[in-house]
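Okay, here's what each chain looks like letter by letter:
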Amino acid sequence: AGTMAMVTVNLRAVTSWVGIARLFAVVLSCIAFSLVASTGDFGSSYGTWCMFTWCFCFAVTLLVLVLELLELYPKLPLSWDDFTSAFSMLAALMIFTTSVVFPSTFISSPCSSSKCARQAVATTVSCLCFLAYALEVGLTRAKPGDISSFLSTVPGLLKVFEAYVACLIFSLLDTYDSEVGLQWCVAIYSICFIITLIIIIFTIGRCLTYIPCPLEKMLVGYNALALVMYITATVLWPLYSFRGRNRPDPCGIDCWWDKDLGVTFLTIFNLIAYLVDLIYSTRMVFIREP
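Conventions adopted
Residues numbered from 1 in each chain as written. Predicted model: local features only at pLDDT ≥ 70, side-chain atom pairs only at ≥ 80, totals over all residues. Heavy atoms only, no water. Patch = residues over 30% accessible without salt bridge, like charges linked within 9 Å, V, L, I, M, F, W, Y side chains within 5 Å. Areas by Shrake-Rupley, 256 points an atom, 1.4 Å probe, with all protein chains shown as cover. Salt bridge = Lys/Arg side-chain N within 4 Å of Asp/Glu carboxyl O. Helix = DSSP H or I, 4+ residues; strand = E, 2+ residues; numbered from the N terminus. Contact = heavy atoms within 4.5 Å. Phe/Tyr/Trp six-rings, centres within 6.5 Å; stacked < 30°, edge-to-face > 60°. Buried < 20%, exposed > 50% of the residue type's maximum accessible area, 1.4 Å probe, protein only. UniProt positions renumbered as here; feature names shortened; annotations may be inferred.

*Asks:* Can you tell me about a nonpolar patch on the surface, naming the residues and giving the values?
*Replies:* On the surface, Ile 194, Leu 197, Ile 198, Ile 201 and Phe 202 cluster together into a nonpolar patch covering about 420 Å² of accessible area. The topology assignment puts Ile 198 in helix α8 (residues 180-204).

*Asks:* Describe the side chain of Asp 277, listing the residues and the values that go with them.
*Replies:* Residue position: Asp 277 is located in helix α10 (residues 256-286). The residues touching Asp 277, leaving out its near neighbours within four places in the chain, are Pro 155, Leu 158, Lys 159, Glu 162 and Asn 223.

*Asks:* Break down the packing of aromatic side chains for me, with residues and values.
*Replies:* Any two aromatic rings considered together are summarised by their centre-to-centre distance and by the angle between their planes. Under the counting rule described, the total for this entry stands at 15 aromatic pairs. Between Trp 54 and Phe 102, the aromatic rings sit 5.5 Å apart at their centres with planes inclined by 70 degrees, giving edge-to-face as the arrangement. Residue Trp 54 is found in helix α4 (residues 45-69), and its partner Phe 102 is found in helix α5 (residues 80-106); the two are separated by 48 residues along the sequence. On the accessibility criterion, Trp 54 (0% relative accessible area) is buried. Measuring from centroid to centroid gives 5.6 Å for Trp 80 and Phe 83, while their planes differ by 35 degrees, and the two rings are tilted. With a gap of 3 residues between them, Trp 80 and Phe 83 both fall in helix α5, about one helical turn apart. Judged by relative accessible area, which is 23%, Phe 83 ranks as partly exposed.

*Asks:* Help me get a handle on the pattern of salt bridges, residues and values and all.
*Replies:* A full pass over the atoms with the stated rule returns 3 salt bridges. In this structure, the salt-bridge partner of Arg 22 is Glu 68, at a minimum N-O distance of 2.9 Å. Of this pair, Arg 22 sits in helix α3 (residues 17-39) while Glu 68 sits in helix α4, placing them 46 residues apart in sequence. Of the two residues examined, Arg 22 and Glu 68, each falls in the buried class. Here Lys 159 and Asp 277 are joined by a salt bridge, their closest N and O atoms 2.5 Å apart.

*Asks:* Lay out the UniProt feature "transmembrane region" (unreviewed entry) in the protein in plain terms, naming residues and giving numbers.
*Replies:* UniProt annotation of "transmembrane region" (unreviewed entry) refers to residues 14-37, 49-67, 87-108, 120-139, 181-208, 220-241 and 261-280 when read in the numbering used here. When the span residues 220-241 is considered, its composition is 100% helix and 0% strand, and the gap between its end C-alpha atoms is 31 Å.

Right, here's the structure in full:
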């Protein structure tokens, strides 16, 4: 009885707007992977990725709801607000990617069988799940001037975006050993990914306070350096990837040309992300609101 008395139930964890968004995300992700599991058609690497995404987001979101409902999260040795903000952003990005990859890979036209209908419904549910996570990101995003949880600010959310896009780039890398320029680009992706991931982990683990230097100014300097590095990658990657090489015909699902084109666009996305990150972090550090 004494042990039960120590556990309090916080109903606001499931009745607030954030809690409702998380409940929708749990239900929708569960429906998505259940429908796809019933088809049995997820054996390829793309299918495995989609199933992992839905199951991972379902499990972590359910865990977050339980920990907040029972108010057990303060006992964890991490910054809870930073963790939930980072996860909701990551889940939104993962579900969005899955909602694009799954139908383009598994749904064929015309879609007339019951199996295809279940795949189409799973795609629709996955899109709704993305909206639920996007709503959570919007609801938990820090207000201007509030930096109590760094990963809920725009620069913090962008850090998660930058790390995720780098992971997508790594998944598309095929042959890059033949050109020094391509090796330099891969080095840029790797260096920026590692540093960004360290920033995220240190923030969630409350370790940034132990760094013996002005952290905010260090982040501005890193963003500026990463921006310059990504500018060179944006120029060098397409230059060395497509120089003297035409798109093969036919170009299947694992075609090197499409992969290199995907890396090109993802490099541009991260370039824009680091630019916006630099602008926001500079304003937060050097332009103080009265």
